[in-house]
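# Inside the fold
So you can see what is in the structure, the chains are spelled out below.
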Amino acid sequence: MVVRKVKEFIIEKLILICGIASIFFVLLIFLFLAKEGLAVFKIVSPSSFLGGKSWYPISEPPQLGILPLILGSAIVTLGAAVISVPIGVGCAIYIAEIAPLKIKEVLKAGIELLAAIPSVVLGFIGMVTLVPMVKNVFHLPTGLTALSGSIMLAFMAMPTIVSIAEDALYSVPKTYKEGAFALGATHWQTIWRVMLPAASSGILAAVMLGIGRVIGETMAVMMITGNSAVIPQSILVPVRTLTATIAAEMGEAVVGSEHYFALFAIGIVLFVISFAINVTADLFLHKRQ
Amino acid sequence: MRNPHRTQKIAFFLLLLATLLIVVPVGLIVVIIIQKGLPGISWQFLSDIPRQGMRAGGIFPAIVGTVYLVTGAIVFALPIGLLAAIYLSEYSKDNFLTRLIKLAIVNLAGVPSVVYGLFGLALFVVFFKLGASILAGSLTLGIMILPIIITSSREALESVPYTFREVSLSLGASKWQTIRHIVLPNAIPGVLTGTILGLGRAAGETAPILFTVAAFYLPFLPKSVFDQAMALPYHLYVISTQVPNVDEKIRYGTAFVLLALVLFMNLVAIIIRYQFRKKKKW
Amino acid sequence: MVNAAFDIKGLNIWFGQIHALKEVDMDIRPNEILSIIGPSNSGKTTFLRMLNRLNDLHINFRMKGRVMFGRSDINKMDIETLRRKIGMVFALPLPLPLSIFENVAYGVRMHGEKNKNRIAAKVEDALKRGYLWEEVKDRLGESAFKLSGGQQQRLCIARTLAVEPEVILFDEPCSGLDPISTAKVEDAMLKLKEKYTIVLVTNNVKQAARVGDRTAFFLSGELIELDKTDKMFTVPRDKRTDDYISGKFG
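It should be emphasised that the depicted structure is a prediction, and the values quoted were computed from it without experimental measurement.

A separate point is the overall build of chain B. Summing up its helical and strand segments, chain B has eleven helices and two strands in all. The N-to-C order of helical and strand elements in chain B reads α-α-β-β-α-α-α-α-α-α-α-α-α. By its C-alpha atoms, chain B is 70 × 70 × 35 Å across when sized along the principal axes. Taken over 282 residues, chain B has a buried fraction of 54%.

See below:
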């Protein structure tokens, strides 16, 4: 009896510790990014790091301006958002409101399948199919462009956008819909004037999380955007994103070098962006409930 | 005045189009990889080491490396994730700490995979001096899949009817006995589903293992958890971008094996979920 | 002879802002069947769940007053010991997702019994006393969900008996049952009275009249009247009691 109580006391403390482990890990991630990354600001000021136009980390002295990378991420993300938001929300509406039950299950399985495909596989497929296509359609010297990246990333953001937006539509109370129908509205009018506004905060969260996924995506984007760290003048040129820079260069950076610190500082930027997106999206999701 | 029924027809057509724009390419991708990848698959491809600068031979070390990494990740993440889920579902109160934990989980799920790679490099490889090793890679992947395991386990635990807990407690069982003998056994299929989904995710990720474990080329198997290892996703990245003139058959074959592995795990998870729903007794 | 009884003084219970029980003073005597009647939201189920401290699971639960179980304050007792001594049968049949045998053995095992023969003996004995043994003795390994509703409820009674309680709380045990099953459960209660103290919460005034030694009437969280059942049903002291039992409201 006493032995059992002691045993249970220990187990329950262990459960508590694991319960707060998530907080611990988030702090640990931030702490270690900061530990390695903040050192770069001994060499460059935060403003010339974020606003500097040249990224030549291994020249002597190194030029550590990540503006080209930020703009690279921005242009790819913007392109992906323009493509994925209308298509993704449209697909969510179709699945939630229009598709017959059996087709709905098939479509949802298809979306889940997409979510399961590893990003390196999608990058590979993008390289061998999408990249040549972009090259031929626009008569470019190379198909490894921001546009290719945007299309691929839009595709990769779909599962997030579709599933969360569909949830949001699904959780609109049935009475709203019945009320609109009772007033003689068509199905589409009901969706457009009643369902979408009612689900708007959930859909907004879906879009934000989708964009978060896009900004953080690494492998596919590295494989098909051409990796050129210059400020992009159009969407049809090669660019390099924040994530791809880390992935491509960390392997060569010497531990403790300026280059190494700078890559960690990029990690801090990414961490802060994803943190902001996730917290805001979470607020929107809870507003709905 | 516009005809609302015609507007509806056009709108629904566009929505269908949007759906097809997503689903058709998904199907195409799978078909292409099967069509071009399957011919390259042979026993020799699966069981041989890469040869001639990865332009010939097989992918055996990469398969083994991925299996090691995924196993390590799950050994680390499952106990912590499950206990964390038990905390949230059975012990947590509606207070600030709980909100903080939930927020942390949301954030862990949202951290970009390459940032996990950086974190693993800084903490495990450099700070704990594990070097690039299976251990460092597994731990990194483990933390990455923690939110998946916590979220799905928690859902599984919470789907066990509350009345079972009341009955058990009313019979004089302690809280932990109730969890251990009533709640957990009935949540296992759900926990398993989440675990396998986490496995699939860990098997497919590349960025977190780039600097923590992955070896460019290693023609033998790792001997201990402190060794580097090859891994399927990284190998696919290497042979498609870093090594020129790799035979298409090898690249598609590798993509096929990786995709098959990941989809197989997802399929198993779906089957378990389906069986569970069918057999559900309450 | 078990000497289990409750002595309750100045009991108040809140759930958040809701004042669920107000200044309740009463006693529960050994080996009686105490029926508790009252309309819904009168606090009768809250009262019942207070006795084995199941209300504690509620996040916003707050309690004031002193509740003695025998010589111990229930809030100072080891909670598992308390709950073991005070069994409970719920409104709906709630078998655990285990076999028939394991449902009854569960409580016994949880209290540390490991000997297989002793467990089997206790299960058989409990099922006999719950009047279920003859019907299930050949199918003990089957899922408890395969039993009929009435059988399930008797299984729940047997499960409670197996841990050898002193008091058994019944929370509207017949609300989901047909008249024949109800009669069987009531029979069981009358026989159990010889060994146990029984507290029965019921929506069915006639059931209270049939089985209760004494009856308590709750309304809006207050104890309006507590008296011998035959007395309350013939000459109630309070007008509200009269109105309720004669069916004017509730």
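This part covers the overall build of chain A. Of regular secondary structure, chain A possesses 13 helices and two strands. Counting only C-alpha atoms and orienting by the principal axes, one finds that chain A spans roughly 75 × 75 × 35 Å. Going through the 289 residues of chain A one by one, you find that 51% of them count as buried. Within chain A, contacts between residues separated by at least 24 positions form 72% of all contacts whose residues are at least 6 apart in sequence.

Further remarks concern the interface of chain A and chain B. Where the parts come together, the accessible area they lose is often given as the size of the interface. Between chain A and chain B, the contact holds 68 residues from the first and 69 residues from the second. For the side of chain A that touches chain B, the leading source of residues is helix α2 (residues 21–37) of chain A, giving eleven residues.

The next thing to look at is the confidence of the model for chain B. Looking at chain B, pLDDT values average 91 and 98% of them are 70 or higher. Reported confidences for the modelled complex are a pTM of 0.90 and an ipTM of 0.91.

Another aspect to go through is the sheet that holds strand β9 (residues 214–219) of chain C. Residues and elements named next belong to chain C. Sheet architecture is open: six strands sit in the order β6-β7-β8-β3-β9-β10, paired in mixed fashion. The open sheet has two free edges, formed respectively by β6 (86–89) and β10 (222–228), since each of these has just one partner strand. Between one strand axis and the next, the sheet turns by 15° as a mean value, whatever way the strands run. Pairing between strand β3 (residues 33–37) and β9: four bridges, direction parallel. For Ser-35, the partnering residue across the bridge sits in β9 and is Thr-215. Its contacts with the sheet place helix α6 (residues 149–162) against β6 and β7 (167–171), and it is angled at close to 170° to β6.

Residues and elements named next belong to chain C. Here we have four strands laid out as an open sheet, ordered β2-β1-β4-β5, and antiparallel in their pairing. The outermost strands of the open sheet, each flanked by one partner alone, are β2 (18–28) and β5 (72–73). Looking at chain direction, strand β1 (residues 6–15) and β2 are connected through seven bridges and run antiparallel. Note that in β2 the partner of Phe-6 across the bridge is Ile-28.

The interface is formed by 18 residues belonging to chain B together with 19 residues belonging to chain C. Those elements that provide at least two residues to the side of chain B that touches chain C are α7 (162–170) and α8 (175–204) of chain B. Top element by residues in the side of chain B that touches chain C is α7(B). It accounts for seven residues. Split by residue class, the side of chain B that touches chain C holds seven nonpolar, seven polar and four charged.

Okay, the packing of helix α3 (residues 100–110) of chain C against α6(C) next. All names here are of chain C. Following both chains from N to C, one finds α3 and α6 inclined at 30°, their axes separated by 7 Å at the closest point. Our classification of the angle between α3 and α6 gives roughly parallel. Remark: the crossing between α3 and α6 carries right-handed chirality. Between α3 and α6, the contacting residues are Ile-100, Asn-103, Val-104, Tyr-106, Gly-107 and Val-108 on the first element and Leu-155, Ala-158, Arg-159 and Ala-162 on the second.

A few words on the pairing of β1(C). In the case of a regular strand, side chains alternate between the two sheet surfaces. All names here are of chain C. Where β1 hands over to β2, the hairpin turn is made up of two residues, of which Gly-16 adopts a positive phi near 60°. Of the pairings in the sheet, the one linking β1 to strand β4 (residues 61–69) comprises eight bridges and is antiparallel in character. The residue of β4 that forms the bridge with Asn-12 is Lys-64.

Now for the packing of helix α1 (residues 2–19) of chain A against helix α3 (residues 60–91) of chain B. At a minimum axis separation of 7 Å, α1(A) and α3(B) run at an interaxial angle of 100°. In terms of their interaxial angle, α1(A) and α3(B) are classed as roughly perpendicular. Residue-level contacts link Leu14(A), Ile15(A), Leu16(A), Cys18(A) and Gly19(A) of α1(A) to Ile80(B), Leu83(B), Ala84(B), Ile86(B), Tyr87(B), Leu88(B) and Tyr91(B) of α3(B). For the contact of α1(A) with α3(B), a count of residues per class yields eleven nonpolar, one polar and no charged.

Moving on, we come to the pairing of strand β8 (residues 197–201) of chain C. All names here are of chain C. Across the five residues of β8, five count as buried, placing the element largely inside the fold. Of the two faces of β8, the one lined by Thr-197, Val-199 and Val-201 and the one lined by Ile-198 and Leu-200 are each fully buried. Both β3 and β8 contribute to a ladder of four bridges, which runs parallel. Bridged to Ile-36 within β8 is Val-201. By the bridge criterion, five bridges tie β7 to β8 in an arrangement that is parallel. Bridging from a neighbouring strand, Val-167 pairs with Thr-197 of β8.

Our focus in this paragraph is the nonpolar core. Grouped together as the largest cluster of nonpolar side chains are 266 residues, with contacts concentrated most on Val121(A), Ala165(A), Leu69(B), Ile36(C), Val199(C) and Leu200(C). Examining the composition of this core, we find that 17 residues originate from one element, α3(B), more than from any other. In contact with Leu200(C), not counting residues within four places along its chain, are Ile33(C), Leu34(C), Ser35(C), Ile36(C), Phe170(C), Met189(C), Val211(C) and Gly212(C).

Cis peptide bonds are those with omega within 30 degrees of zero, and the linkage from Glu60(A) to Pro61(A) qualifies with -5°. Considering the arrangement of structural elements, one finds Pro61(A) in the loop between β1 (55–56) and β2 (63–64). Of note, the phi angle at Asn227(A) is positive, near 55°, even though the residue is not glycine. Along the chain, Asn227(A) falls in the loop between α11 (219–224) and α12 (242–249). What makes Asn227(A) buried here is the crowd of 20 C-beta atoms within 10 Å. Phi at Ser220(C) is positive, roughly 50°, even though this residue is not glycine. On the basis of neighbour counts, which here come to 15 C-beta atoms within 10 Å, the residue Ser220(C) falls in the partly exposed class.

What follows covers the environment of Arg29(C). Residue and element names in this part refer to chain C. Following the sequence through the fold, Arg-29 ends up in the loop between β2 and β3. By C-beta crowding, Arg-29 is classed as exposed, having 12 other C-beta atoms within 10 Å. When the C-alpha atoms of Arg-29 and Ile-198 are compared, they prove to be 9.2 Å apart, with 169 residues separating the residues in sequence.

Residue and element names in this part refer to chain B. When the terminal C-alpha atoms of α3 are compared, their 45 Å separation across 32 residues agrees well with the 46 Å that a helix rising 1.5 Å per residue should span. Remark: the principal bend of α3, roughly 30°, maps to Ala-77, with a proline, Pro-79, within the next four residues. Among the 32 residues that make up α3, 24 are buried, leaving the element largely enclosed by the rest of the structure.

Another aspect to go through is helix α4 (residues 67–98) of chain A. The first and last C-alpha atoms of α4(A) sit 44 Å apart over 32 residues, in line with the 46 Å expected at 1.5 Å per residue. The largest bend along α4(A) measures about 30° and falls at Ser84(A), with the proline Pro86(A) one to four residues further on.

Right, let's talk about the environment of His19(C) for a bit. As for its position among the elements, His19(C) is in strand β2. Aside from chain neighbours lying at most four places away, what touches His19(C) is Trp14(C) and Gly221(C).

In this assembly two pairs of chains touch, with chains A and B having more contacts than any other pair. One thing to see here is that chain A and chain C don't touch, and their nearest C-alpha atoms sit 8 Å from each other.

Thresholds applied
Residue positions within a chain follow its written sequence, with the count starting from 1. Throughout, the order in which chains and ligands are written sets their labels, letters from A for the former and numbers from 1 for the latter. Local features in this predicted model are restricted to residues of pLDDT 70 or higher, and side-chain atom pairs are both shown and tallied only at a pLDDT of 80 or more, whereas totals for entire chains, interfaces and linings draw on every residue. The numbering of helices and of strands both runs from the N terminus, where a helix is a DSSP run of H or I of at least 4 residues and a strand a run of E of at least 2. Here exposure depends only on C-beta density: within 10 Å of a residue's C-beta, 20 or more other C-beta atoms make it buried, 12 or fewer make it exposed, and intermediate numbers make it partly exposed, the C-beta atoms being placed from the backbone. Two residues form a contact once the distance between their C-beta atoms, set from the backbone, is within 7 Å. Confidence of the predictor in every single residue is expressed as pLDDT, which spans 0 to 100. By the convention used here, strands pair only if DSSP detects at least 2 bridges between them. The angle between two axes is taken between their N-to-C directions and runs from 0 to 180 degrees, where each axis is a line fitted to C-alpha atoms and a helix contributes only its stretch in contact. Residue polarity is assigned by list, with Asp, Glu, Lys and Arg as charged and Ala, Val, Leu, Ile, Met, Phe, Trp, Tyr, Cys and Pro as nonpolar; anything else, Gly included, falls into the polar class. Our angle categories are set so that under 35 degrees counts as roughly parallel, over 145 as roughly antiparallel, 65 to 115 as roughly perpendicular, and the remainder as oblique. Whether a crossing is left-handed or right-handed is set by the direction in which the near helix is turned from the far one by less than a right angle, anticlockwise for left-handed and clockwise for right-handed. Defined on buried residues, the nonpolar core groups Ala, Val, Leu, Ile, Met, Phe, Trp, Tyr and Cys residues joined through C-beta atoms within 7 Å. Take the residue count of a helix, subtract one, and multiply by 1.5 Å to get its expected span. At any given residue, the bend is defined as the angle formed between two axes, one fitted to the seven residues that end at that position and one fitted to the seven that begin there.

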